[in-house]
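Residue-level listing of the chains:
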Amino acid sequence: MRRKNETITTMLTTFQDITLRPMPKAISNIDIVKIFSMFRIFNACHLPFPSGNGGFKSLSATILASNILKGTPLNLEDALLPKAKVVQLRDNIEETLLAGGSPVNPDSLPNLFVVTDNIKPLGWVHIKHLMTESFLKGIPRVGRVMRQNAVVIDDPDCSLYEIHRRIQETRETSVIISDGPKVLGVVDNKTVSRLVSWGCDIWHMKAMNVARPVPAVKPTTSLQDAYMECIRNDSEQAVVLIGELPVGTIALTDIVNALWVKSQGASIPASNGNGESGLHENAFLDIVVGTSMNTGILGLTEHLRVVYFNNTLHHMLGDPPEIRIGTDISMVSEACNISVHKMLTSIERSKSGEEQTLSAWKKKGNEQQKLQFKINAVRIEGKEAGYVIAVQDVTDQYNAQRKMQRLAYYDSLTNLPNRSLFKERFQTELHKAQREKTHLAIMMMDLDGFKEVNDTFGHSSGDILLNEVGKRLKTTIRETDTVGRFGGDEFVFIFPQITNRESAEQVADKLLEAVAKPMDINGETMRMGASIGIAIYPEDGTEFKELLDVSDSRMFFQKRLKREEPTLKESLPGTT
């Protein structure tokens, strides 16, 4: 069964399906240094050389080098072979090869093909590259494993918080940052998590300052070439382009996993003597998988026995003795701290072609680490051949995500719920009150004279005072109640299952008493007053904003009464 994102065919039929090399610059004079630098740039022993009338010959590095070693005078004509063929972009590859000679006898074929569009040369391809791309069916290509539906943000000035939001919404691992047609780079969730853990201001940090340049590949690029591009550029992923349009990304770990599948397929149906499929390319795997950016790889046969694992995986799992060649799935699940039922269920679901993800906490030394397991089924020639489990340590990302959630839902100064979390809790309590036909109260509190504290003692003292008030309020209410801070010196409360207004007023008096107790702030003894407004559901309203507005207006009324109280007393008979 084809993977969900397998949309690019690996069977190439025309020259437009081939990855062409750009045409080399014309050689105006005999400069042996420049000539051999071109061979080095194109990593080739033959280069197309114009021969007049739109034709080309093959310039041989071997003949040039041989003449130099022999001391023969350098003559470019001696190194030009008539083994170059001009073809059209839509010419059929198989027909072209059969017309030019026998594929069984490579000596009868041209060294290279120059591809044109009837106007100008578009590029060229060497015979070996052509044969590899067009006739080896098993070559895995980027298009088969790329992550499609790329998330592209074309505003380089957008904030890192916006990037984080898009990653969470789309459940992708990264986004592509572009500036018009130009791809600036990629920002992944690891980068966001790391910056959050460092305490960076992700609301004002711009994407263009965070995006990391990554190499670009095509859907038809072989995975081996894509792997080398990532390694050369020290990048964990590449952007996949069709023309100049980014259509997806491919991670180095996905490339490594796919190369693992290819190498396993090459070993089937070899046997280790127990009826299990063997793996005969461990040397290759140890080199490739060993550089897979701290990803543990474990391979299972179709009979659910371990056929391969790398050192990274063994280290991640705490070097368990259970993980060895031939171990069955029950011992694997135990080492991974995942139940056998969950593991078997995910493996069964992976047969549909959908990647399955599991996570588990694993103790390593004195610390707990969160591991993520991605399970993919391996199908070769339409048959189940085994399974690949890729394991990564996502502890930092998990902790950063929790910190992000706390930043999104809690006030950073008092650690009390902010407006977003307060509203969510209100909706929960409102639905409960509606269902059980009970009351609930919302209260809003504002400190009296807090501005004077800031003006007299400074904002640092004001922050300490607010933090102390928050602690007192939290210890005064029940666990089922909620106190939050909307900003400034404004605190809000939810009291579910309140019986009547008198009960709410008694609770308000306790809150005022808690605030009124003396506080030692930076060596200064302070006494604070506060004003509270009360709104009761359903008498005063049935919606969040409605009840909040009522409590706000009543709090303001209480505050105004306090300011006007001396004047009112002076106007009363018998007062002085």
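Above this text is the structure in question.
A. Looking closely at a positive patch on the surface. Residues Arg402, Arg406, Arg425 and Lys474 make up a contiguous surface patch of positive charge. Relative to the helices and strands, Arg402 resides in helix H14 (residues 395-409).

B. Structural view of empty space enclosed by the protein. Applying the stated criterion across every chain, the model contains 2 cavities of 30 Å³ or more. Around the largest cavity, the lining is made up of 10 residues, and of these Ala150, Val151, Glu172, Ser174 and Thr249 lie nearest the centre. When contributions to the lining of the largest cavity are tallied by element, the ones reaching two or more residues are strand E7 (147-148) and strand E9 (174-179). Of the residues that constitute the lining of the largest cavity, the class distribution is 3 nonpolar, 5 polar and 2 charged. Taken together, the elements giving at least two residues each to the lining of the second largest cavity come down to helix H15 (419-436), strand E19 (439-448) and strand E21 (490-498). It is H15 that contributes the most residues to the lining of the second largest cavity, 4 residues altogether. Among the residues making up the lining of the second largest cavity, the classes are represented as 3 nonpolar, 3 polar and 3 charged.

C. Inspection of the nonpolar core at higher detail. In this structure, Leu447, Leu465 and Phe493 are the most contacted members of the largest nonpolar core, which totals 29 residues. Counting residues per element, the ones that place at least two in this core are E19, helix H16 (450-457), helix H17 (459-476), E21, helix H18 (501-516), strand E22 (519-521) and strand E24 (529-537). Not counting residues up to four positions away in its chain, the partners in contact with Leu447 are Leu465, Leu466, Val469, Asp489, Phe491, Val515, Met528, Gly529, Ala530 and Lys559. If you look at the next biggest cluster of nonpolar residues, it comprises 23 residues, including Leu304, Leu317, Ile329 and Ala335.

D. Geometry of the packing of aromatic side chains. A complete count under the given rule lists 7 aromatic pairs for this structure. Their ring planes at 45° and their centres at 5.8 Å tell us that Phe15 and Phe113 sit as a pair that is tilted. Of the two residues, Phe15 sits in the segment before helix H1 (32-42) while Phe113 sits in strand E5 (residues 112-116), which places them 98 residues apart along the sequence. The two residues Phe15 and Phe113 agree in class, both being buried. Above the face of the Tyr398 ring, Lys370 is positioned so that its terminal group lies 5.0 Å from the ring centre.

E. Molecular detail of the packing of H16 against H17. In contact at an axis separation of 7 Å, H16 and H17 are set at 140° when each is read in the N-to-C sense. What the angle tells us is that H16 and H17 run oblique. Here Phe450, Val453, Asn454 and Phe457 of H16 lie close against H17, whose contacting residues are His459, Ser461, Gly462, Leu465 and Leu466.

F. Structural detail: the pairing of strand E15 (residues 306-309). Relative to E15, strand E14 (residues 296-301) runs antiparallel, the two sharing 3 bridges. Across the sheet, Gly299 pairs through a bridge with Tyr308, a residue of E15. With antiparallel pairing between neighbouring strands as the criterion, E14 and E15 make up a hairpin whose turn holds 4 residues, including Leu304 at a positive phi of roughly 65°.

G. Spotlight on the environment of Val145. Within the secondary structure layout, Val145 lies in helix H5 (residues 142-145). By relative accessible area, Val145 is classed as buried at 14%. Distance from Val145 to Leu223, taken between C-alpha atoms, is 9.0 Å for residues 78 residues apart in sequence.

H. Expanded view of unusual backbone geometry. The step from Tyr537 to Pro538 runs through a cis peptide bond, and the omega angle for that step is 5°. Turning to its location among the elements, Pro538 is positioned in the loop between E24 and helix H19 (544-571). Although it is not a glycine, Asn337 adopts a positive phi angle of roughly 65°. Examined against the element boundaries, Asn337 turns out to sit in the loop between helix H12 (329-336) and helix H13 (340-350). Among the residues examined, Asn337 registers a relative accessible area of 47% and is labelled partly exposed. Even without glycine at this site, Gln497 takes up a positive phi of about 55°. Relative to the assigned elements, Gln497 resides in strand E21.

I. Representation of the sheet that holds E7. One open sheet holds the 4 strands; their spatial order is E7-E13-E12-E11, and the pairing between them is mixed. Taken across any chain shown, the strands that pair with only one partner, and hence form the sheet edges, are E7 and strand E11 (216-217). Pairing analysis gives 2 bridges linking E11 to strand E12 (residues 237-242), with the strands arranged parallel. Within E12, the position partnered with Ala216 by the bridge is Val239.

Calculation criteria
- Residues numbered from 1 in each chain as written.
- Predicted model: local features only at pLDDT ≥ 70, side-chain atom pairs only at ≥ 80, totals over all residues.
- Heavy atoms only, no water.
- Patch = residues over 30% accessible without salt bridge, like charges linked within 9 Å, V, L, I, M, F, W, Y side chains within 5 Å.
- Areas by Shrake-Rupley, 256 points an atom, 1.4 Å probe, with all protein chains shown as cover.
- Salt bridge = Lys/Arg side-chain N within 4 Å of Asp/Glu carboxyl O.
- Lys, Arg positive; Asp, Glu negative; His and termini not counted.
- Charge placed at Lys NZ, Arg CZ, Asp CG, Glu CD.
- Helix = DSSP H or I, 4+ residues; strand = E, 2+ residues; numbered from the N terminus.
- 1 Å grid on protein atoms, 1.4 Å probe; cavity = no way out; pocket = protein on both sides within 12 Å on 5 of 7 lines; lining within 4 Å.
- Points joined across faces, edges and corners; volume = space filled by probe spheres on them.
- Nonpolar A, V, L, I, M, F, W, Y, C, P; charged D, E, K, R; others polar.
- Core = buried A, V, L, I, M, F, W, Y, C linked by side-chain atoms within 4.5 Å.
- Buried < 20%, exposed > 50% of the residue type's maximum accessible area, 1.4 Å probe, protein only.
- Contact = heavy atoms within 4.5 Å.
- Phe/Tyr/Trp six-rings, centres within 6.5 Å; stacked < 30°, edge-to-face > 60°.
- Lys NZ or Arg CZ within 6 Å of the ring centre and 35° of its normal.
- Axes fitted to C-alpha atoms, helices over the stretch in contact; angles between N-to-C directions.
- Parallel < 35°, antiparallel > 145°, perpendicular 65-115°, else oblique.
- Pairing = 2+ DSSP bridges.

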